[in-house]
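Structural features, examined
Chain residues, written in single-letter form:
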Amino acid sequence: GSREITRSYAEKFYYNGRKQLSDEEIIRYVQGAYAYVKKIFDEFKPDAVVAPLLAEPSHMMIFHMARMRGVRSLCAVDSRVNGIWVLSESPYEDTGAFLERIDELNAGAKSNNAERAEKYITEFRETFKVPGYIERRWKKPLPFKQVRMELAPLRRIWEWYTRPHTDCIATLGPSLDCRPPRIILRDYLTKKLWSRAARNFPYYPLEGVGKYVYYPLQVEPEVTLDVFALHFKNQRELARIVALSLPADYTLVVKDHPDMLGLRPPEYLRDLAGTPNIKLVDYRIPS
């Protein structure tokens, strides 16, 4: 299990500028991650751990070591209510004060926020409340920010030649933190080409679909795939299985995640669109 999840991260995070990591290299990576996580707890001795998320292997090691040593772990989780975040005490988002409070309310406890919640639900039913991060995603960046994004690869190439490579690990080869100029340019041009292919892809018109089940693809890598759903990580295969399992008069509508624009090869989209009983619709359609 640990080898499988680590291999998935190795395949996603480490670029093909070299041969694929072997089992022995993956084991060394896990051992190295464990060594520095253990060093944190042995030498720094934290009283609590506050993490942006608990997703990749070293995060999971931190969580489990903290639990073994009686150290509390906290990470912020999107509550799907605008302006409200939840503190979870588990990478599976299944423990914490928020869930304890839900149990209390279900047992009959009173809430001072009942009227506020009812008002929010009423407003939501009348008009969909778009999450703030969705609004920011679709908002066109200011011109100077667009220029900065376009020039970012040149800045990274300049830094490659002018700064020490403190994040580079020879045995791992090119990685997100250690990209030589050829990898930077390759990634930049590939994303441009793949983004153009995704924008111009002949998506199926949603209005032409009858009764359907909706499957929105998830970002990869992502905690919901790599921690919550280890047995359903291959989204194309999962979509195929679901499509074949539906009643005869239903079809499966699949929409890619907007954040994956330019990060999936055109072959991925063509494979999905060509799968029996799957209709791939435009990623720009609001969910």
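From a predicted model like this one, the values you see are computed outputs, not experimental measurements. (Residues numbered from 1 in each chain as written. Predicted model: local features only at pLDDT ≥ 70, side-chain atom pairs only at ≥ 80, totals over all residues. Heavy atoms only, no water.)

What follows covers the packing of aromatic side chains. Going through the model one piece at a time under the given rule, you end up with four aromatic pairs. Ring centres of Phe124 and Phe128 lie 5.3 Å apart, and the angle between their planes is 80 degrees; on these two criteria the pair is classed as edge-to-face. Judged by relative accessible area, which is 30%, Phe124 ranks as partly exposed. Ring geometry for Tyr203 versus Tyr283: centroids 6.4 Å apart, planes at 70 degrees, classification edge-to-face. Taken together, the residues span a long stretch of sequence, with Tyr203 in the loop between α8 (181-199) and β4 (212-216) and Tyr283 in the segment after β6 (278-281) at a distance of 80 residues. Residue classification places Tyr203 among the buried positions, given a relative accessible area of 16%. Through a chain of ring-to-ring contacts, three or more aromatic side chains come together here, namely Tyr120, Phe124 and Phe128. The positively charged end of Lys129 is found above the aromatic ring belonging to Tyr120, 4.9 Å away from the centroid. (Phe/Tyr/Trp six-rings, centres within 6.5 Å; stacked < 30°, edge-to-face > 60°. Buried < 20%, exposed > 50% of the residue type's maximum accessible area, 1.4 Å probe, protein only. Helix = DSSP H or I, 4+ residues; strand = E, 2+ residues; numbered from the N terminus. Lys NZ or Arg CZ within 6 Å of the ring centre and 35° of its normal.)

For the rest of this paragraph, the subject is the sheet that holds β6. With parallel pairing, the three strands of this open sheet are ordered in space as β4-β5-β6. Of all strands in the sheet, those with a lone pairing partner are β4 and β6, marking the two edges. Strand-to-strand twist of the sheet, defined as the mean angle between neighbouring strand axes without regard to direction, takes the value 25 degrees. Direction of pairing for strand β5 (residues 251-255) relative to β6: parallel, over a ladder of four bridges. Note on β6: the bridge partner recorded for Val253 is Lys279. The strands that helix α10 (residues 235-245) touches are β4, β5 and β6; relative to β5, the one it contacts most, it runs at about 155 degrees. Contacts from helix α11 (residues 266-273) reach β5 and β6, with the element oriented near 135 degrees to β6. (Pairing = 2+ DSSP bridges. Axes fitted to C-alpha atoms, helices over the stretch in contact; angles between N-to-C directions. Contact = heavy atoms within 4.5 Å.)

The subject of this paragraph is the confidence of the model for the chain. Detailed reading of the predicted model is not advised wherever pLDDT is low. The predicted model of the chain has a mean per-residue pLDDT of 87, with 93% of residues at 70 or higher. Note that pLDDT drops below 50 for residues 1-18; the model gives that stretch 53 contacts with residues more than four away or on any other chain. (pLDDT = per-residue confidence, 0-100.)

A few words on the sheet that holds strand β1 (residues 48-51). Read from one edge to the other, the open sheet built from three strands follows the order β1-β2-β3, with strand pairing classed as mixed. Only two strands of the sheet have a single neighbouring strand rather than two, namely β1 and β3 (85-88). Across the sheet, the axes of successive neighbouring strands diverge by a mean angle of 25 degrees, strand direction being ignored. As defined by bridge partners, β1 adjoins strand β2 (residues 72-78) across four bridges and the pair is classed as parallel. Looking at the pairing, Ala48 lines up with Arg72 of β2.

Positionally, Glu25 belongs in helix α2 (residues 23-44). Take Glu25: its relative accessible area is 10%, and that puts it in the buried class. Looking at Glu25, its side chain comes within polar contact range of the main-chain nitrogen of Ser22, at 2.8 Å. (Polar contact = N/O pair within 3.5 Å; in protein donor to acceptor, adjacent residues only side chain to side chain.)

Another aspect to go through is the pairing of β2. A large share of β2 lies buried, amounting to five of its seven residues. You can see the chain leave β1, run along helix α3 (residues 57-68) and come back into β2, and the turn it takes is right-handed. Bridge analysis of β2 against β3 gives four bridges, and the strand direction is antiparallel. Within β3, the residue paired with Ala76 across the bridge is Leu87. Counted along the chain from β2 to the antiparallel partner β3, the turn is six residues long, and its residue Arg80 has a positive phi close to 70 degrees. (Right-handed = clockwise from strand over helix to strand, strands pointing away.)

With that settled, consider empty space enclosed by the protein. Where empty space is left becomes clear once a probe the size of a water molecule has been rolled over the atoms. All chains considered together, the criterion is met by one cavity of 30 Å³ or more. Forming the walls of the largest cavity are Trp194, Ala198, Tyr203, Asp256, His257, Met260, Leu261, Gly262, Leu263, Arg264, Leu269 and Tyr283. In the lining of the largest cavity, the residues fall into eight nonpolar, two polar and two charged. (1 Å grid on protein atoms, 1.4 Å probe; cavity = no way out; pocket = protein on both sides within 12 Å on 5 of 7 lines; lining within 4 Å. Points joined across faces, edges and corners; volume = space filled by probe spheres on them. Nonpolar A, V, L, I, M, F, W, Y, C, P; charged D, E, K, R; others polar.)

Tyr203, Ala239, Leu252, Val254, Leu272, Ile278 and Leu280 are the most contacted members of the largest nonpolar core, which totals 16 residues. Put simply, the parts of the chain that give this core at least two residues each are α10, β5, α11 and β6. Sort the elements by how many residues they give to this core and α11 lands first, with three residues. Setting aside chain neighbours within four positions, we find Ala239 in contact with Tyr215, Leu252, Val254, Leu272 and Ile278. Core analysis: the next-biggest nonpolar cluster, separate from the first, contains nine residues, Met61, Ile62, Met65 and Ala66 among them. (Core = buried A, V, L, I, M, F, W, Y, C linked by side-chain atoms within 4.5 Å.)

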